[in-house]
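Survey of secondary and tertiary structure
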There are 2 protein chains.
Amino acid sequence: MTRAMGVVGGKWKPILIFTIGAKRVRFGQLAHTVNLISRKVLTEQLKELEEDGIVIREAFAELPPRVEYRLSAHGLGLLPILEQLCQWNSARPPAVGAP
Amino acid sequence: MTRAMGVVGGKWKPILIFTIGAKRVRFGQLAHTVNLISRKVLTEQLKELEEDGIVIREAFAELPPRVEYRLSAHGLGLLPILEQLCQWNSARPPAVGAP
DNA sequence: CTGTATCCTGTTAGATACTG
DNA sequence: CAGTATCTAACAGGATACAG
């Protein structure tokens, strides 16, 4: 459990997983879509997701360079769970101290 | 999404939610079952979970004092999702750099 | 028994500039 | 275009002692 949270628990990881979804997405697209993340952090999180077998990184030896990210089969299995988490959250009652 | 992760994303929150489950659990039971958490952090996390409407805190004016925690209806809705996350994690492939 | 109050540390992420 | 390097700030969490 703790480990599962570590895998998806970074500040940006769930957002990145959603953004990649079932598509192939380039580094620049991610940086643009998730426009508040710094490139340094984006690189770090993607590297961790790759090490955890969630995303697959594919680099093309072109000019200009192109790198595509996509979810692995294991990573795709996460999508419906995160969607449920989203739905659960949107149905949540207002916070106690909310204005 | 970011908000949902904030709600369940603490280091101990998912574990606490699981530990409470469908029961009423006393503070000391939680501290004992999750025996690596400090009381300070336990108090903090429970307070946040309470503010987010996940757990309900009930204090009894007895000696010695007794405080029971249980999941709200909203909190109970989280259990199956966390269970799925657990199952997903236990089916995960070995890490790339694993020994 | 159930917390608070301090103090301290490691981790995480953001800003900025530079590279192949 | 897709990163790295470096520095800094903020925060979460732990150790310990004390309180109602």
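Scroll up for the structure.
Residues numbered from 1 in each chain as written. Chains lettered and ligands numbered in written order. Predicted model: local features only at pLDDT ≥ 70, side-chain atom pairs only at ≥ 80, totals over all residues. Heavy atoms only, no water.

1. Let's talk about the overall build of chain A
Put simply, the rule reads: Each helix is a run of H or I in the DSSP string that is no shorter than four residues. Each strand is a run of E no shorter than two, and both are numbered from the N terminus. Think of it in three bands: residues with accessible area under 20% of the maximum for their type are buried, residues over 50% are exposed, and the middle band is partly exposed, with areas taken using a 1.4 Å probe on protein chains only. Whether two residues are in contact is decided by their heavy atoms, any of which lying within 4.5 Å being enough. Note that accessible areas follow from Shrake-Rupley with a 1.4 Å probe, and for residues the cover is restricted to the protein chains shown. The charged-residue count follows a simple rule in which Lys and Arg add positive charge and Asp and Glu add negative charge, with His and chain termini not counted at all. Working definition for charges: the position is that of NZ of Lys, CZ of Arg, CG of Asp or CD of Glu.
Helix and strand counts for chain A come out as six helices and three strands. In chain A, the succession of α and β elements from N to C terminus is α-α-β-α-α-β-β-α-α. The burial tally for chain A puts 39% of its 99 residues in the buried class. Pairs at least 24 apart in sequence give 50% of the contacts found in chain A among residues at least 6 apart. Taken as a whole, chain A presents about 5,500 Å² of accessible surface, with 56% of it coming from carbon and sulfur. For chain A, the distance from the average position of its 13 positive side-chain charges to the average position of its 9 negative side-chain charges is 5 Å.

2. Some details on the protein's contact with DNA strand D
Let me state the cut-off plainly: One heavy atom suffices: a residue is near a molecule or strand as soon as one of its heavy atoms comes within 4 Å of it. In protein, a polar contact means a hydrogen-donor-capable atom and an acceptor-capable atom, both N or O and within 3.5 Å, with residues adjacent in sequence counting only if both atoms are side-chain atoms; elsewhere, any N or O pair within 3.5 Å suffices.
Not every one of the 20 residues close to DNA strand D is listed here, only the nearest: Gly28, Arg57 and Tyr69 of chain A together with Lys11 and Lys40 of chain B. By atom count, sugar and phosphate contribute 63% of the portion of DNA strand D lying within 4 Å of the protein. Within the side chain of lysine 40 of chain B, a nitrogen or oxygen atom sits 2.4 Å from a base oxygen of DNA strand D. When residues of the surface near DNA strand D are traced back to their parent elements, those giving at least two are α3 (27-33), α4 (39-51) and β3 (66-71) of chain A together with α4 (39-51) of chain B. Of all the elements, α4 of chain A adds the most residues to the surface near DNA strand D, at four residues.

3. Examining the interface of chain A and chain B
Rules: Throughout, the accessible surface (probe 1.4 Å) given up by two parts as they are put together, summed over both, is called the buried area. Whenever Lys or Arg places a side-chain nitrogen within 4 Å of a carboxyl oxygen from Asp or Glu, that contact is recorded as a salt bridge.
On the chain B side, the residues contacting the 29 residues of chain A number 29 residues. When chain A packs against chain B, the two sides together hide about 2,800 Å² of surface, and 73% of this comes from carbon and sulfur. Contact with chain B buries surface across chain A, with Met1, His74 and Trp88 of chain A losing the most and accounting together for 26% of the total. Between chain A and chain B we count zero salt bridges in total.

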